[in-house]
Amino acid sequence: MDAFAKAIALEAAAIDAGFALLFFSQSLVEADTLSRALMTHAPALHHAGCSTAGEITPQGLEDGHVLAMLLPSAAFTAVSVMVDNLSSSGMDRITSEVEALRRSLRARLGCDRTKGTFALCFIDGLSYAEEAVSSAIHWGLDDIPLLGGSAGDDLKFETTRLISNGNVTSDSAIIVLIATEIPFHVFKTDNFVPTDEKLVVTAADPDHRIVREFNATNAAEEYAASVGIVAQTLTPLSFASHPVVVKVGGEYYCRSIQKMHPDGSLSFFCAIDDGVVLSIAQPKDMVESTRAALRDVEERLGGIDMILGFDCVLRRLDARNRQVFRDISELYRVNNVIGFGTYGEQYRSMHLNQTFTGIAFGERQAAE
């Protein structure tokens, strides 16, 4: 990790970078090791990041990597805060932290208010707190767009790690506010359409996001029957290929299943509760829907310099299952997408699954 940290320090000095975003696989590097190396070799470089469930590198979709995105001070002003102990935190505290961060950014910018501002959030993907935290951050942001991703641990579902300026934690969230004159566009894309097949949650453990019954029947058996699979053969691939969606404010959002337990109950990546009505979703062509979304972004910005992207690990699994992994990877490569595979995506006030959320930047010359 010393060589990686030294390379970051050299590059940061060369382009006068004031902030770095870091995404890393825990199968390659321990968060503590990475944090110590950065504090040793680049002590003045502020940074924030998290562990992943796969990375999006300049070469496309990868696994087992560590990557850094440096923000040049001439183009970006960034401030960040880490909120720890999410499980025992009041949401008012998070909103207060966001409001303090906004004041801090305003002080840094001085009279230069022409810059556009966006917010990034990285959050422990095993915290069961993403919905409440996203909502609390959004509340404190007012009209500043929010996006981000839940930290992963390469589908082990044991411990995710977040790093920020020498601190390494779990059960926490990092909020980064960034102001820039470079034009940007925040967007999301998914590839499913709801069917008429309904699953009503009739027994749940909301605190742990576990559903025990759908339609007053064992959850795994009822889900499996709805998608035409034998319950005993359900795997993460089954859940990625046959997502369920919930309707919120006229739009459908994915509520992805994480795993099946021996008793036939199902763990979810998102908040779930008794009485929630889910629809089985039918997948659309992932490559075409992603290409269309990227084309729309390119037209809006008049060209894409790069995209910071947060891609649900279930999309990755589904892409492999449908044998379009290389096509998706190539789409990300040619559109200069950098980011990571998540356990959930943040988009404005929502916590999502099986979605790609991103922020695209225009004007290459300004970014350099």
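To start, this report covers the structure provided alongside it. All values reported here derive from a predicted model rather than from experimental measurement.

### Some points on the layout of surface pockets
Empty space within the second largest pocket amounts to approximately 170 Å³. Elements supplying a minimum of two residues to the lining of the second largest pocket: strand E1 (17–24), strand E5 (66–72) and strand E6 (76–83). The greatest single-element share of the lining of the second largest pocket, amounting to five residues, is contributed by E6.

### Remarks on the packing of helix H7 (residues 286–301) against helix H9 (residues 325–334)
Where H7 meets H9, the closest approach of the two axes is 9 Å, and the angle between their N-to-C directions is 10°. By the angle class used here, H7 and H9 are roughly parallel. Contact residues: Met 286, Val 287, Thr 290, Arg 291 and Leu 294 in H7; Asp 327, Ile 328, Leu 331 and Tyr 332 in H9. The residue makeup of the contact of H7 with H9, split by class, is six nonpolar, one polar and two charged.

### Re the packing of aromatic side chains
One pass over the structure, following the stated rule, counts 15 aromatic pairs. With a centroid separation of 5.7 Å and 75° between ring planes, the pair formed by Phe 23 and Phe 122 is classed as edge-to-face. Highlighted residues: Phe 23 in strand E1 and Phe 122 in strand E7 (residues 116–124), separated in sequence by 99 residues. Taking the relative accessible area as the measure of exposure, Phe 122 reaches 0% and is therefore buried. Taken together, a centroid distance of 5.8 Å and an interplanar angle of 50° make the contact between Phe 269 and Tyr 343 tilted. Within this pair, whereas Phe 269 is found in the loop between strand E19 (266–268) and strand E20 (277–283), its partner Tyr 343 is found in the loop between strand E22 (337–342) and strand E23 (345–347), the two being separated by 74 residues in sequence. Like Tyr 343, Phe 269 is buried. Among the aromatic residues, those joined into a ring-pair cluster are Phe 23, Phe 122, Phe 310 and Phe 340. Taking the ring centre of Phe 325 as reference, the NZ or CZ of Arg 320 above it sits at 3.8 Å.

### A short note on the nonpolar core
In this structure, Phe 23, Leu 120, Phe 122 and Val 176 are the most contacted members of the largest nonpolar core, which totals 34 residues. Filtering out sequence-adjacent residues up to four positions away, Val 176 remains in contact with Phe 19, Ala 48, Ala 78, Val 79, Ser 80, Phe 118, Ala 119, Leu 120 and Phe 122. Core analysis: the next-biggest nonpolar cluster, separate from the first, contains 23 residues, Leu 86, Ile 94, Leu 101 and Leu 146 among them.

Rules behind the numbers
- Counting restarts for each chain: residues are numbered from 1 in the order of the written sequence.
- For this predicted model, a pLDDT threshold of at least 70 governs which residues receive local features, and a threshold of 80 or more governs which side-chain atom pairs are given and counted, while totals over whole chains, interfaces and linings are taken from all residues.
- Values shown for side chains rest on all heavy atoms present in the structure; no hydrogens or waters enter the calculation.
- Site definitions follow a grid-based scheme: protein atoms alone, a 1 Å grid, a 1.4 Å probe that fits but cannot get out for cavities, and for pockets an open set with protein on both sides within 12 Å along at least five of seven lines, plus lining residues having an atom within 4 Å of a point.
- Grid points are joined across faces, edges and corners, and a volume is the space filled by probe spheres set on the points.
- Only runs of H or I of at least four residues qualify as helices and only runs of E of at least two qualify as strands under DSSP, and these elements are numbered from the N terminus.
- In this analysis an axis means a line fitted to C-alpha atoms, helices contributing only their contacting stretch, and an angle means the value between N-to-C directions, from 0 to 180 degrees.
- For classification, angles of less than 35 degrees are called roughly parallel, those exceeding 145 degrees roughly antiparallel, those between 65 and 115 degrees roughly perpendicular, and all remaining angles oblique.
- Every residue pair with non-hydrogen atoms within 4.5 Å of one another is taken to be in contact.
- Here the nonpolar group is Ala, Val, Leu, Ile, Met, Phe, Trp, Tyr, Cys and Pro; Asp, Glu, Lys and Arg are the charged ones; every other residue, Gly included, is treated as polar.
- Only Phe, Tyr and Trp rings are paired, with Trp represented by its six-membered ring, and only when their centres lie within 6.5 Å; those with planes under 30 degrees apart are stacked, over 60 edge-to-face, the remainder tilted.
- Relative accessibility under 20% of the residue-type maximum defines a buried residue, over 50% an exposed one, and the middle range a partly exposed one, all with a 1.4 Å probe and only protein chains included.
- When the NZ atom of lysine or the CZ atom of arginine is within 6 Å of a ring's centre and also within 35 degrees of its normal, the charge is said to sit over that ring.
- Here, nonpolar core means buried Ala, Val, Leu, Ile, Met, Phe, Trp, Tyr and Cys residues that are tied together by side-chain atoms lying within 4.5 Å of each other.

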